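# Per-entry structural report
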Amino acid sequence: MMTFKQFIAEGGYPAWVKVSVAAMVLRVRNLATQIERETDPVKQNRLMAQQNKSLAYVAGLGVAVNTNDAQLMGKLHTN
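A quick note: this is a predicted structure, and the numbers were derived from the prediction, not measured. (Residues numbered from 1 in each chain as written. Predicted model: local features only at pLDDT ≥ 70, side-chain atom pairs only at ≥ 80, totals over all residues. Heavy atoms only, no water.)

By the element assignment, M48 lies in helix α3 (residues 41–64). Counting along the chain gives 14 residues from M48 to Q34, while the straight-line C-alpha distance between them is 9.5 Å. (Helix = DSSP H or I, 4+ residues; strand = E, 2+ residues; numbered from the N terminus.)

This part covers the side chain of Q51. Assignment of secondary structure puts Q51 in helix α3. For Q51, a relative accessible area of 14% corresponds to the buried category. For Q51, the contacting residues outside a window of four places in its chain are V28, L31, A32 and I35. (Buried < 20%, exposed > 50% of the residue type's maximum accessible area, 1.4 Å probe, protein only. Contact = heavy atoms within 4.5 Å.)

Shown next as structure tokens:
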């Protein structure tokens, strides 16, 4: 699995994908912090639902990435 820095540094993805994923990753991190600080279980569940939705979008973008990218596929096969 590649790190977030490696993902951003790779030139094979369109800029909008990189910006979208970066924004979603920041959102997921922010939600994780809010979940840890929250003491009310109901509010925690709502925050976790938001976090899961953001993670689903990130996963969806990952699936949408072109599998014809030889460099990416080579890296995945070596890991």
